[in-house]
Each structure stands twice: as C-alpha cells, then as structure tokens.
Amino acid sequence: MMPDSNSLFTGEAQPSIETLAEGVTLLRAFCREEAPALLDAIATVVADSRFRNMVVPSGHTMSVAMTNCGDLGWITDRTGYRYTAHDPLTGKPWPPMPAPLLHLAQRAAATAAFPRFTPNACLINRYAPGTRLSLHQDKNEQDYTHPIVSVSLGLPATFLLGTLRRTDTPRRIRIEHGDTLVWGGPARLIYHGVAPIAASTHPLTGPFRINLTFRRVATKLS
Ligand code: SIN
Ligand code: FE2
C-alpha cells in the first residue's frame, strides 16, 4: 500500500497492519481508497435485496439493518439463525457478491496470513446512530477453518474485541472508515460486538456506518 500523502493534511490514519491478538489482525485504512467503488457495489446489492431489521428467536427486532450478497446469506427469524440461498423478502437468490467486494476480502485475508479465503457469504450491516450489536460469536458457518473479514465504511465505531470466553471484558477498539479487521485460526470463535454508534455524518455514507463481514459457509456436496 502507498502511504496516503493526503492523510498528512486531513488527520486520517496512515495504513498500518497491527496484530491485536493471536489470529486477529487490524488493517488500518486498508480499503479507504476504494471505498467509493465499494459503496457503489453495495448500492447495487441493496437495490435488489434491501436493508431490513430482522427478528431474533426471542422476538426482539435487531437495531442494525441487514442484507446479504453471495451464494448464501445470514438470516434470523423466530425459528432461529441460519444461512439461506434465497432472500426471504424477495424469494430470489441473494444478489451475487460484486467482484470488488470479493477481491477486497481475499486481499485482506491474504495480508492477514489467510491466503486461501474464498468467501461465499457477505453480510452487510447498516448502523444508524444509537444502534449496536451485542457480544456474539459467528458460529452458524459449520466450518471454522476460514477467517472472518470485517470491512468498515462510513461512521466510526467502537468494536468490542472479546476472547473465546463470553465473561471476559472485551477490549474497545476504535474502527474508522476503511479499516478492515480479520480474525481466524485460534481466534475464529471470539466473542465480538459493536458499541452504540455516536451521532455524526460521514461524507460518503451520511448518517450510517456500513460493515461487511465475509464468511465461508460450509455447503453440502450434492
Ligand atoms: C458482525 O459481527 O457481524 C459485525 C461487526 C461489525 O459491525 O464491526
Ligand atoms: Fe459477528
């Protein structure tokens, strides 16, 4: 990555690679340059499969709005959490994963020492100010040999970086536009979440934070 000379004037963080824990790598500003193209690609997905607030099995509606692209999409409803090939709102397959998104995820994983990442699912989360994601593990994929690649665009957030034990107090990591976090290997099943988003606006996303999480979900051979 080229150092971003504009950042000297704007106060934006320089690109860097930081190991936060074994198997957890923070790639600062990894996709800041390509963010407008990523957001354009996300807009094409959302045009076909819109953001929606899903219901968790307890009946509570999630504050974070979600959609998906790729062969499989993560959903929740009263019956539980799972991956589906079709968007339940449209009855059609989830939109394909746009090439700029897929390639970014593969580059990020390779940079974090996971060279053969082939995601088949991308959950797209949209956070408005005040929304949060409580501490959880990503554990519906049925294959934990692949990492999670998490891309953040727009408003900043405080990422809650836990451990394999729910009761450990999570570290609070400030995540900004263009930052990309990768966790896998011994960290694949860490607890994580997002603290309530502070009210603000971002030049590219307005009043939102957009997060992409790329996953490899096991598919049965048929
Ligand atoms: C997630 O855990 O699905 C999203 C994490 C984030 O928004 O940073
Ligand atoms: Fe997650």
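See the structure printed just above.
Predicted model, so just to flag it, every value in this text is computed and none were measured.

**As for the nonpolar core**
And step 1. Grouped together as the largest cluster of nonpolar side chains are 31 residues, with contacts concentrated most on Val24, Met66, Phe159 and Trp183.
And step 2. For this core, the secondary-structure elements that each account for two or more residues are β2 (24–28), β4 (73–77), β6 (121–127), β9 (157–161), β10 (171–175) and β11 (180–183).
And step 3. Aside from chain neighbours lying at most four places away, what touches Phe159 is Arg171, Arg172, Ile173, Ile175, Leu181, Trp183, His192, Gly193 and Val194.
And step 4. Leu27, Ala35, Leu39 and Val149 belong to the second largest nonpolar core, which has 30 residues in total.

**Re the coordination of the iron ion (ligand 2)**
And step 1. Around the iron ion (ligand 2), the protein supplies His136 (NE2), Asp138 (OD) and His192 (NE2) as donor atoms, at distances of 2.1 to 2.2 Å.
And step 2. Taken together, the four donor atoms coordinating the iron ion (ligand 2) and their angles of 90 to 172° define a geometry best described as irregular.
And step 3. All donors of the iron ion (ligand 2) come from a single chain, and their spacing in sequence reads H-x1-D-x53-H. A residue pair is termed long-range when its members are at least 10 positions apart, and His136 in strand β7 (residues 133–136) and His192 in strand β12 (residues 192–194) qualify at 56 residues.
And step 4. By relative accessible area, His192 is classed as buried at 4%.

**Digging into the side chain of His177**
And step 1. With respect to the element layout, His177 can be found in the loop between β10 and β11.
And step 2. One polar contact links the side chain of His177 to the main-chain amide nitrogen of Gly154, over a distance of 2.9 Å.

**Focus: the sheet that holds strand β8 (residues 148–154)**
By way of backbone hydrogen bonds, the strands of a sheet pair with one another, either parallel or antiparallel.
And step 1. Across the sheet, which stays open at both edges, the seven strands sit in the order β1-β2-β11-β8-β13-β6-β3 with antiparallel pairing between neighbours. Both edges of this open sheet fall to β1 (16–21) and β3 (65–70), since each of them pairs with a single strand only. Across this sheet, the average inter-strand angle for adjacent strands is 20°, counted without regard to direction.
And step 2. Bridge count for β8 against strand β13 (residues 209–215) is six bridges, and the pairing is antiparallel. Within β13, the position partnered with Gly154 by the bridge is Arg209.

**Observations concerning the environment of Pro115**
And step 1. Relative to the helices and strands, Pro115 resides in the loop between α3 (99–111) and β6.
And step 2. When the C-alpha positions of Pro115 and Thr61 are compared, they lie 37 Å apart, and in sequence the two are 54 residues distant.

**Describing unusual backbone geometry**
And step 1. Positive phi outside glycine occurs at Ala113, with the angle close to 75°.
And step 2. Structurally, the position occupied by Ala113 is in the loop between α3 and β6.

**With respect to the site of ligand 1**
And step 1. Contacts to ligand 1 come from Asn125, Tyr127, Leu133, His136, Ser150, Phe159, His192, Val194, Arg209, Asn211, Thr213 and Arg215.
And step 2. His192 places a side-chain nitrogen or oxygen 3.0 Å from an oxygen atom of ligand 1.
And step 3. Between an oxygen atom of ligand 1 and a side-chain N or O atom of Arg209, the distance comes to 2.9 Å.
And step 4. Calculation on ligand 1 without its partners gives an accessible area of 260 Å², and the protein chains cover 98% of this total.

**What about the packing of aromatic side chains?**
And step 1. For the structure shown, the criterion picks out two aromatic pairs.
And step 2. Between Trp74 and Tyr81, the aromatic rings sit 5.7 Å apart at their centres with planes inclined by 20°, giving stacked as the arrangement.
And step 3. The exposure class assigned to Trp74 is buried, which follows from its relative accessible area of 10%.
And step 4. On the numbers, 5.7 Å between centres and 45° between planes, the contact of Phe159 with Trp183 is tilted. With Phe159 in strand β9 and Trp183 in strand β11, the pair connects residues that are 24 residues apart, well separated along the chain.
And step 5. Here the guanidinium or amino end of Arg126 rests over the ring plane of Phe208, the centre of that ring lying 4.5 Å away.
And step 6. Note that Arg209 overlies the ring of Tyr127, its terminal NZ or CZ placed 4.9 Å from the centroid.

**Thoughts on the sheet that holds β7**
And step 1. Pairing is antiparallel across the open sheet formed by four strands, whose spatial order is β7-β12-β9-β10. The open sheet has two edge strands, β7 and β10, and neither has a second partner. Averaged over all neighbouring strand pairs, the angle between strand axes comes to 20°, with direction disregarded.
And step 2. Pairing of β7 with β12 involves two bridges; the strand directions are antiparallel. Its bridge partner lying in β12, His136 is registered against His192.

Rules of the game
Throughout, residues of each chain are indexed from 1 in the direction in which the sequence is written. Whichever chain is written first becomes A and whichever ligand is written first becomes 1, with later ones labelled in order. Where totals are concerned, whole chains, interfaces and linings use all residues; where local detail is concerned, this predicted model gives features only for residues with pLDDT of at least 70, and gives and counts side-chain atom pairs only at 80 or more. Note: side-chain values were computed over all heavy atoms of the structure, leaving out hydrogens and water. Buried Ala, Val, Leu, Ile, Met, Phe, Trp, Tyr and Cys residues that are joined via side-chain atoms within 4.5 Å together make up what is termed a nonpolar core. The classification of residues rests on relative accessible area computed with a 1.4 Å probe and restricted to protein chains. Under 20% of the type maximum is buried, over 50% is exposed, and intermediate values are partly exposed. In DSSP terms, a helix is any run of H or I states spanning at least four residues, a strand is any run of E spanning at least two, and both are numbered starting from the N terminus. Whether two residues are in contact is decided by their heavy atoms, any of which lying within 4.5 Å being enough. Donor criterion used throughout: N, O or S atom within 2.8 Å of the metal, extended to 3.2 Å for Na, K and Ca. Water excluded; incomplete-looking sites may result. Every angle between 85 and 135 degrees makes a four-donor site tetrahedral, while opposite donors more than 155 degrees apart, with all other angles between 65 and 115, make a four-donor site square planar and a six-donor site octahedral; other sites are irregular. Distance and chemistry together define a polar contact, namely a pair of N or O atoms within 3.5 Å, with one atom able to donate a hydrogen and the other to accept it when in protein, and with adjacent residues in sequence counting only for side-chain atoms on both sides. When DSSP finds two or more bridges between two strands, those strands count as paired. Helix axes are fitted only over the stretch in contact, all axes being lines through C-alpha atoms; the angle between N-to-C directions runs from 0 to 180 degrees. Definition of nearness: a residue and a molecule or strand are near each other if at least one heavy atom of the residue lies within 4 Å of the molecule or strand. Using a 1.4 Å probe, the Shrake-Rupley method yields the accessible areas, and only the shown protein chains count as cover for residues. When the centres of two rings from Phe, Tyr and Trp lie within 6.5 Å, Trp using its six-membered ring, the rings pair. Their planes under 30 degrees apart give stacked, over 60 give edge-to-face, and anything left gives tilted. For a lysine, the NZ atom is tested; for an arginine, the CZ atom; a charge sits over a ring if that atom is within 6 Å of the ring centre and within 35 degrees of the ring normal.

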